[in-house]
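Fold and geometry: a report
As a plain string of letters, each chain reads:
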Amino acid sequence: MSSSGRNSGANSPLSFADKAAETIQKNFRGFKDRLKVREKAAFNIQQLIEYSEEQDHLNLNKFFLRWIKLIKHTDNEEINRYISSSIQDDFMKIGESDIKIESNYTGIHLSEEFNQDDFEKLVNSFRNEQILHTRYVIMILNRAIDYLKSLPNINEINCIEDPEPEDRDNEFKVNVVGDLHGQFIDLYTIFDLNGFPSKKNIYLFNGDFVDRGAQQCEVLLTLLYGLVFYGGKYNSFFLNRGNHEDYGCSVRFGFKEEVMTKYCLYSKLLMKKCAQVFVLLPLMSMVYQKNNKHQINRILVVHGGI
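Summarised in this report is the structure supplied together with it. (Residues numbered from 1 in each chain as written. Predicted model: local features only at pLDDT ≥ 70, side-chain atom pairs only at ≥ 80, totals over all residues. Heavy atoms only, no water.)

1. Digging into the pattern of salt bridges
Formally: Any Lys or Arg side-chain nitrogen located within 4 Å of an Asp or Glu carboxyl oxygen qualifies as a salt bridge. Starting at the N terminus, helices and strands are each numbered in turn, a helix being any DSSP run of H or I of at least four residues and a strand any DSSP run of E of at least two. The buried label applies to any residue whose accessible area, calculated with a 1.4 Å probe on protein chains only, is under 20% of its type's maximum; exposed applies above 50%, and partly exposed to all values in between.
By the definition in use, this model includes three salt bridges. One salt bridge in this structure joins E218 and K262, with 2.9 Å as the shortest N-O distance. With E218 in helix α7 (residues 216–233) and K262 in helix α9 (residues 255–262), this residue pair connects regions lying 44 residues apart in the sequence. On the basis of relative accessibility, which here comes to 2%, the residue E218 falls in the buried class. Residue K262 is classed as partly exposed on the basis of its relative accessible area of 24%.

2. Considering the nonpolar core
Looking at soluble globular proteins, one finds that nonpolar side chains tend to be buried together. What counts, and what does not: Residues belong to one nonpolar core when they are buried, are Ala, Val, Leu, Ile, Met, Phe, Trp, Tyr or Cys, and are joined through side-chain atoms within 4.5 Å. Residue contacts follow a heavy-atom distance rule, with two residues in contact if any of their heavy atoms lie within 4.5 Å.
Core analysis: the biggest nonpolar cluster contains 54 residues, and L132 and F205 have the highest contact counts within it. Listing elements by their share of this core, those giving two or more residues are α4 (116–127), α5 (134–148), α6 (184–194), β3 (201–206), α7, β4 (237–240), α9 and α10 (267–280). With 11 residues, α7 is the single largest residue contributor to this core. When residues no more than four places from it in sequence are discounted, the contact partners of F205 are V177, L180, L187, F191, L223, F237, F238, L239 and N240.

3. Quick look at the packing of aromatic side chains
Our working rule: Ring pairs shown here join Phe, Tyr and Trp side chains whose ring centres sit within 6.5 Å, with only the six-membered ring taken for Trp; geometry is labelled stacked below 30 degrees between planes, edge-to-face above 60, and tilted in between. In this analysis the charged atom, NZ for Lys or CZ for Arg, is taken to sit over a ring once it is within 6 Å of the ring centre and within 35 degrees of the ring normal.
Under the definition given, this model contains 15 aromatic pairs. Taking 6.1 Å as the distance between ring centres and 55 degrees as the angle between the ring planes, the aromatic pair formed by F255 and F278 counts as tilted. Of the two residues, F255 sits in helix α9 while F278 sits in helix α10, which places them 23 residues apart along the sequence. Both residues of the pair, F255 and F278, belong to the buried class. Taken together through their ring pairs, the aromatic side chains of F114, F119, F191, F196, Y203, F205, Y225, F229, Y230, Y234 and F237 make up a single cluster. When the ring centre of F114 is taken as reference, the NZ or CZ atom of R143 above it lies at 4.3 Å.

Right, dumping it as C-alpha cells:
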C-alpha cells in the first residue's frame, strides 16, 4: 500500500506541473539569453557599419581637401576665382527682413527679441510637426552665428558661484544630453522631465544634433534658439560640436536632404549658414563644481567622435 502510495504521489498532477513549470522556466531563460546575445551582436554590427561609413567619409574628405589645396596653389586665376566665389556668395547676404511671410502661412510667429514665451511656443509647434517659416529660420541662424563668434573653443560651466544665494532649496543641476540625431520627441521629453533651462538648471548638449532623424531642422533650431536666449541671459545653455556637425557629414547622412525638402527655395542659403554654425561651435566643455569636501572638481565633456 505504501509503495503504491509513493508511486501515485510521484506521478501526481502536482509533480507533473512542477516539472512542466521548471522546463518552461529553463527554456524561457535560455531564450532570453539567446535574445541578449543577438541584440548585442546586432548592436556591434550597427556600430561597425556606422564607424566604417564615417571613416570612409573622412578619407574622402581628406582626399578632396588635398586636391583643393593643390588647385589653389596653381596659377590658374579662373579656378581660384571660382573657388573663392563659391565661398563668398552674394546669396549669403540675404537677411530675414528680405523674406516676406505669405498670407497663407499658418505657423507660429517669433519676435526679434528672443524670449521664454517664444522658446516654449517654438518647442510646442515643433512637437506638433509644424514647419517654421524661412524668415524665422534665417533669423535664428544669424543670431546664433553672431553669438557663437563671441564664444571660446571651450565652454566653462561654473557651478560654484551661486547666482541665487538666497535660493537654498534648489541646487545646481547640469543636464548633459548625448546624441539627439534629429529625434525631436527625445528633446521634448528631456525638457518635460527636467524642466526648461534656468540659472540653476543648466543644459549641455554634447554634439550630434543632426542626421538620421525625422526632425533634424527642428532639433537644431531649438538648440540654437536656446543657446542664444538662455546662454546669453542666464549662461545656462551650452552646445558642444559633434562629428556630425560637419558640412560633408551632414550631406551624406541626411541633414542636407531634409533642409532641401522643407526649405527647397532657400536650401543653399540655409546649408551655408548651418555650415558656419557648425565650424563656430565650441569643441568641449569644462564643468566646475564643489564636492562634499568643498574641493573643486573639474569635469571635461567632449563628444566621442571629436
